[in-house]
Amino acid sequence: MSGRAELLLAIADDELILGWRDSEWTGIAPFLEEDVAFSSIAQNEVGHARALYELAARDLGTTADELAFDRRPEEYRCAQLVELRLPGWEHTIARHVLYEQADAERLERLRASDDAEIAGLAAKIDREEVYHRLHAEMWLERLKGEPRFTAALDELRPLAEAVLDPSLRDGHTPELAELLEEMTSVRRSQPAGTTW
Amino acid sequence: MIYEVFRQERKGQAFQHAGSIEAPDEHFAQWYAREQYGRRGESEALWVVERGAILRIDDFVDELNRNYHRVDGYPLKEKLKEARERASRAAAGDR
Amino acid sequence: MTQREQEFLEYVQGGGQVEAGDWMPDQYRARLRKFIEMHGNSELMGVLPEREWILRAPTLQRKLALTAKVQDEVGHAQLIYRVVEDLGKPREQCLEDLISGKSKFHNVFHYPTKTWGDVGVIAWLVDAAAIISQKALLKCSYAPYARIMKKICWEESFHILHGRDVVLTLMNGTDDQRELVQEALNRWWGPLMQFHGNPIAADEDPMVIWRIKSQGNDEARQQFLDGYVPQIWELGLTVPDPKLGKDEESGRWHYTEPDWDELMQVVTGHGPRTQDRLDLRRAARENSAWVRSVLLAEAA
């Protein structure tokens, strides 16, 4: 697999899995206005993943859906930070803050890429991420005095480095396999290539 | 706090009241209004205002019947009829 | 009825609308608020049967569409509870009454979703039944509610498109996929027929009398059958009611009388998934109570 495809998959997998986790809050977020808002963030993340997969898919001779759904857990290249199931809002927002910070830097580097397609897509994604960063900052401002939140930040911070530096990605948590199992349960019920 | 949202559907149109949201401050209010009233690209622009900042006026006084402000203060029909008849009599008289 | 109430009744029956701060008869305000609150509860509870499938959507497009649909429903709950709050009942109180079982939500949201077939059938037919009821609210005598109904109806139309797309894709797919749709339809038909409520004559229905809604229950059901049974049959699907058919002369559909006892049982909190879902709501609310306190504390 080319370096370009590897790079794209690492980011796409991050966005896909994070988007999947963030979408778990749709319907049960702390209050209704935030529920709507956070669901948009989750959808944007999945949308970013899709765009990145589409680029990689052309290189690899496959489709975005096949890349998103049909690989084995060990073939995914996401950072462990995004795999964790975090049912507490303090952890979800802590992850959101840490991920957005790392992702901002990552996107800045990509926007400067010699590869015009990657640079172009990174610029588009970044224009949406501006809003995600605003959202994360808003919540950070509100929660920074809360001990359970600062504890969550401390707990998750070590995992944030791998977002920016894929060489630090060393295998997956068991949670990824569980997530993928559920995520693919409908899709696997019919032969590969079935249209849904 | 409650924030009222006014929405402009297309450029050039008036902003119309679209609804309200509850938010802890204006940063959250902007985020929530943008999503609730714009995520499907349905709005050109939004005005978001804290409810307490809106001054409501619904008492209008007209005790002495200011009919000069209304159409019924200008009873033209009879006068026009009279003026037309006078003009046509004058024209007939000239011949 | 007092003179003032009588004048109000004539005003709304003549098409007049009122706003939040206007005078309204106590019985109008009470019925109105209860009706709107039940609608808000239904949108909020309606989220739960569908959100499980967000996590299992089989393509990225379906994932996005379904998440957006459920998001819309949360958005509708937000719009509706704001209207209830401006009528005097705070959102927190509405949520407490919902969770404790004191207030109700529509029958369809008390039932389980078992397969991806349910996802298609719900978005196509349950949302269709809902949109018929919602269109009958567009001219509600209470203007703030009428206004949000416009946005709600517009968004619901996307849901039906999504539902149709899911169903048609399944029907054009494998035998198993077609079976998913038929099996889901078999389970959902009963609740769908009960959805619009017992047959009360429109002129005896307080909701119609006060012009809160402009259509009686039976009329809504007939409209649903007229619009959607042909769509069901043209796909080769069957409806699990041997008596279902249209009388060509009268234009009215006849069917096996729905089980009104079941409807009563379900909406009073005894549906197959009622307790589970209320428990989930309660747990979610309790787990995030600290978030709301933190936000309120600083919003002085």
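Criteria and cut-off values
- Residues numbered from 1 in each chain as written.
- Chains lettered and ligands numbered in written order.
- Predicted model: local features only at pLDDT ≥ 70, side-chain atom pairs only at ≥ 80, totals over all residues.
- Buried ≥ 20, exposed ≤ 12 C-beta atoms within 10 Å, placed from the backbone.
- Helix = DSSP H or I, 4+ residues; strand = E, 2+ residues; numbered from the N terminus.
- Pairing = 2+ DSSP bridges.
- pLDDT = per-residue confidence, 0-100.
- Core = buried A, V, L, I, M, F, W, Y, C linked by C-beta atoms within 7 Å.
- Contact = placed C-beta atoms within 7 Å.
- Nonpolar A, V, L, I, M, F, W, Y, C, P; charged D, E, K, R; others polar.
- Expected span 1.5 Å × (residues − 1).
- Bend = angle between axes of the 7 residues up to and from the residue.

(A) Layout of the pairing of strand β2 (residues 16-22) of chain B. All names here are of chain B. Counting buried positions along β2 gives 5 out of 7 residues, so the element sits mostly inside the fold. Bridge analysis of strand β1 (residues 2-8) against β2 gives 6 bridges, and the strand direction is antiparallel. From the neighbouring strand, V5 faces β2, where its bridge partner is G19.

(B) Structural context of the confidence of the model for chain B. Looking at chain B, the pLDDT average stands at 92 and 99% of residues meet or exceed 70. Ranking the elements of chain B by mean pLDDT puts helix α2 (residues 76-94) of chain B last, at 90, and strand β3 (residues 45-50) of chain B first, at 98.

(C) Expanded view of the nonpolar core. Core analysis: the biggest nonpolar cluster contains 144 residues, and A12, L52, Y53, A56 and L81 of chain A together with V121 and A129 of chain C have the highest contact counts within it. Ignoring anything within four residues of it in the chain, the contact list for V121 of chain C reads V167, V181, A184, L185 and W188 of chain C.

(D) Highlighting the interface of chain A and chain B. Counting residues at the interface gives 6 residues for chain A, matched by 10 residues for chain B. Elements represented by at least two residues in the side of chain A that touches chain B include exactly α2 (32-60) and α6 (116-143) of chain A. The dominant element in the side of chain A that touches chain B, judged by the number of residues it contributes, is α2 of chain A, at 4 residues. Residues belonging to the side of chain A that touches chain B are distributed by class as follows: 3 nonpolar, 2 polar and 1 charged.

(E) Molecular detail of helix α9 (residues 217-234) of chain C. All names here are of chain C. Taking 1.5 Å of rise per residue, 18 residues should cover 26 Å, and α9 covers 26 Å from first to last C-alpha, within 8% of that figure. Taken as a whole, α9 carries its principal kink of about 30 degrees at Y228; the proline P230 stands between one and four residues after it. Every buried residue belonging to α9 is among N217, A220, R221, F224, L225 and I232, and all of these are buried. Those residues of α9 that are buried lie in contact with α5 (116-135) and β2 (253-254). Just past α9, the residue G236 takes up positive phi, approximately 85 degrees.

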